[in-house]
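Here are the chains, one letter per residue:
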Amino acid sequence: MLALTSISASGAEFPREVAQALRAAGIAPSHASALVIEADSGKARLAVNEKQPMNPASVMKLVTTYAGLELLGPAYRWQTEVFLDGARRGETLDGNVVLRGHGDPKLTYEGFWLLLRQLRARGLRDIRGDVVVDRSFYAPAENGRIDDEAFRPYNVPPDALLLNFRSVRFTFLPDPQSSSVRVVTEPTLPDLEIVNALTLSDGACPEGRAFRDIIGASFVASPKPRASFTGRYPAACAEHEMNAALYAPEEYLASVLRQLWTEMGGSWTGGVREGLAPAGAAPLYVHESPPLAEIVRDINKFSNNVMARQLFLTLAGELGGAPARPENAARSIRDWLQKKGIAAPELVLENGSGLSRSERISAATLASLLQAAWRSPVMPELLASMPVIAIDGTMRRRLRGEPLAGNGHIKTGLLADARSVAGFVRDARGNRHIVVMIVNDPRAPQAQAALDALLRWTYETSATAPARPTSRRPAASPRHP
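Remember, it's a predicted structure, so these values are computed and weren't measured experimentally.

1. Remarks on the overall build of the chain
No. 1: Of regular secondary structure, the chain possesses 11 helices and 20 strands.
No. 2: Scaling as 2.2 N^0.38, a compact globule of 481 residues should have a C-alpha radius of gyration of about 23 Å, and the chain matches this with 25 Å.
No. 3: Dimensions of the chain, computed from the C-alpha atoms along their principal axes, are close to 75 × 60 × 45 Å.
No. 4: Here the chain holds 481 residues, and 53% of them are scored as buried.
No. 5: For the chain, the proportion of contacts with a sequence separation of at least 24, taken over those separated by at least 6, is 72%.
No. 6: Accessible surface for the chain amounts to roughly 20300 Å². Of this, 50% is attributable to carbon and sulfur atoms.
No. 7: Averaging the coordinates of the 55 positive side-chain charges in the chain and doing the same for the 50 negative ones gives two points 4 Å apart.

Structure follows, in structure tokens:
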């Protein structure tokens, strides 16, 4: 592991503000770990239980995204190949269209529309066969759900040809004049039944699970996809969105493809099934994803679990060959860490997203990884992917109006029994610090005040190193640490 300068014995306890917040939440100090080090020197300012293996929740995404940036490169792009398998006569194909996926995490509805437009531009209109999906780049995935919320998009398993996260976005549009709420969907799928019995009401707009409960949201996948909304809709919510994964992969692809292809003036008489691309054939068209440098922003800013799992498996497929398996991805990351001189004997990787009951890492290992990232050529891409305190991503509503706002890039994590932060904070004197804190406890969701207190302490407590000279360069913007 990268050497961290030792600290005095007094550093073995949490700062007073952090300890008070943990006590107020009913969390024992032994159920939390923390490490604060100076980014340039590696000198530790605080270390508490730093070698203890902990469930890191979503801060594990920092391991996956940093590994991806270094091992694949910031310009890496996923490819989705399109083959024709059959005889073509003008604009008609007497055969199948084959889609071979390589795990594109951002093959969105709009991206798929562009892919189909390219097929039309190449003169294809009538498909008299099936659409065959080649998912062989990934090994078949187990269910892998973290909870019983089967329709939540974060529970969608990895898929070498993952279209639009298999999700339907529901947008709620209240109309105060008629005291009604309109529900619109994207994509608009003809076989989706919507039951809308919402009534407009007063009161504050809740978030997350509370919002779904108050609007009475319920979903059914079979025999026919159905979404029901039978509760109250607070007018204070204004326009609001939620997503649900209601379809099996082939059903979703068939519904979206048929809708878009018909809108483009095409016809298709077949169905969707799994298979393999024709051996030795050249693709008619290759669709490319945005670069990895852009993908990691979505993963870390918004803590996208599905995209993180796709990247995790892509590491396995690209470095070890198909079919990609989670254990091969974990092995590739361990080898990479070893070459960087980071010992991580406690590290447990299941899917690389942190949406796991079994993943483990210590604050010391995570801090060492971030110190290596600070010195890495891909540091700008990784840093830019992390939420800015009080500005965007999962940190946009935290620490607003405080001097700390805008002075750190922090990845957050939250599970039912784990809460965490990890990233970089610039203190009041302009010195940067690596901060990691992980709480594992049944009351961990109540630990936000303690985590914020540590970030605040890091900013307010002057570093032992002298302040950064300011005469040679302009002062940094307070919004962009």
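2. Brief notes about the sheet that holds strand 7 (residues 168-175)
No. 1: The strand order across the open sheet built from 3 strands is 8-7-14, with neighbouring strands paired in antiparallel fashion. Each edge of the open sheet carries a strand with a single partner, namely strand 8 (180-186) and strand 14 (240-244). Here the average twist between neighbouring strands, direction ignored, is 25°.
No. 2: Note that strand 7 and strand 14 share 5 bridges and pair antiparallel. Pairing of arginine 169 across the sheet is with asparagine 243, part of strand 14.

3. Some points on the sheet that holds strand 12 (residues 226-229)
No. 1: Spatially, 9-12-11 is the arrangement adopted by the 3 strands of the open sheet, whose pairing is mixed. A single partner strand is all that each edge strand has here, and the edge strands are strand 9 (193-196) and strand 11 (217-220). Each strand axis lies, on average, 10° off the axis of its neighbour in the sheet, ignoring direction.
No. 2: Here strand 9 pairs with strand 12 via 4 bridges, running parallel.

4. Some thoughts on the packing of aromatic side chains
No. 1: Counted by the stated rule, this structure contains 13 aromatic pairs.
No. 2: Measuring from centroid to centroid gives 5.9 Å for phenylalanine 151 and phenylalanine 219, while their planes differ by 55°, and the two rings are tilted. Within this pair, whereas phenylalanine 151 is found in the loop between strand 6 (131-134) and strand 7, its partner phenylalanine 219 is found in strand 11, the two being separated by 68 residues in sequence.
No. 3: Classification of phenylalanine 151 by relative accessible area gives partly exposed; the value is 24%.
No. 4: A relative accessible area of 15% means that phenylalanine 219 is categorised as buried.

5. A short note on the state of the cysteines
No. 1: For the structure shown, the criterion picks out 1 disulfide.
No. 2: Cysteine 205 shares a disulfide with cysteine 237; S-S distance 2.1 Å. On the sign convention where negative means left-handed, the S-S torsion of about 105° between cysteine 205 and cysteine 237 marks this disulfide as right-handed. Taken as a pair, cysteine 205 in the loop between strand 10 (199-201) and helix 4 (208-214) and cysteine 237 in the loop between strand 13 (232-234) and strand 14 lie far apart in primary sequence, 32 residues in all.
No. 3: The exposure class of cysteine 205 is partly exposed, given its relative accessible area of 27%.

6. A short note on the nonpolar core
No. 1: Among the nonpolar cores identified, the biggest contains 64 residues, and Leu292 and Ile333 are the most heavily contacted of them.
No. 2: Here the element with the most residues in this core is helix 9 (residues 363-374); it accounts for 9 residues.
No. 3: Beyond its immediate chain neighbours, meaning those up to four positions away, leucine 292 contacts Gly68, Leu69, Leu72, Gly73, Pro74, Tyr76, Trp78 and Leu311.
No. 4: If you look at the next biggest cluster of nonpolar residues, it comprises 47 residues, including Tyr109, Leu124, Leu246 and Met264.

7. A look at helix 6 (residues 292-301)
No. 1: By the criterion of burial, helix 6 is predominantly enclosed, with 7 of the 10 residues buried.
No. 2: By the burial criterion, the buried members of helix 6 are Leu292, Ile295, Val296, Asp298, Ile299, Asn300 and Lys301.
No. 3: Tucked inside the fold, the buried residues of helix 6 contact helix 2 (61-72), helix 7 (305-320), helix 10 (379-385) and strand 18 (408-415).
No. 4: Where helix 6 ends, the next residue or the one after it, serine 303, has phi of about 50°, a positive value.

Criteria and cut-off values
- Residues numbered from 1 in each chain as written.
- Predicted model: local features only at pLDDT ≥ 70, side-chain atom pairs only at ≥ 80, totals over all residues.
- Heavy atoms only, no water.
- Helix = DSSP H or I, 4+ residues; strand = E, 2+ residues; numbered from the N terminus.
- Rg over C-alpha atoms; globule rule 2.2 N^0.38 Å.
- Buried < 20%, exposed > 50% of the residue type's maximum accessible area, 1.4 Å probe, protein only.
- Contact = heavy atoms within 4.5 Å.
- Areas by Shrake-Rupley, 256 points an atom, 1.4 Å probe, with all protein chains shown as cover.
- Lys, Arg positive; Asp, Glu negative; His and termini not counted.
- Charge placed at Lys NZ, Arg CZ, Asp CG, Glu CD.
- Pairing = 2+ DSSP bridges.
- Axes fitted to C-alpha atoms, helices over the stretch in contact; angles between N-to-C directions.
- Phe/Tyr/Trp six-rings, centres within 6.5 Å; stacked < 30°, edge-to-face > 60°.
- Disulfide = S-S within 2.5 Å.
- Core = buried A, V, L, I, M, F, W, Y, C linked by side-chain atoms within 4.5 Å.

By themselves, these are just geometric observations and shouldn't be taken as functional.
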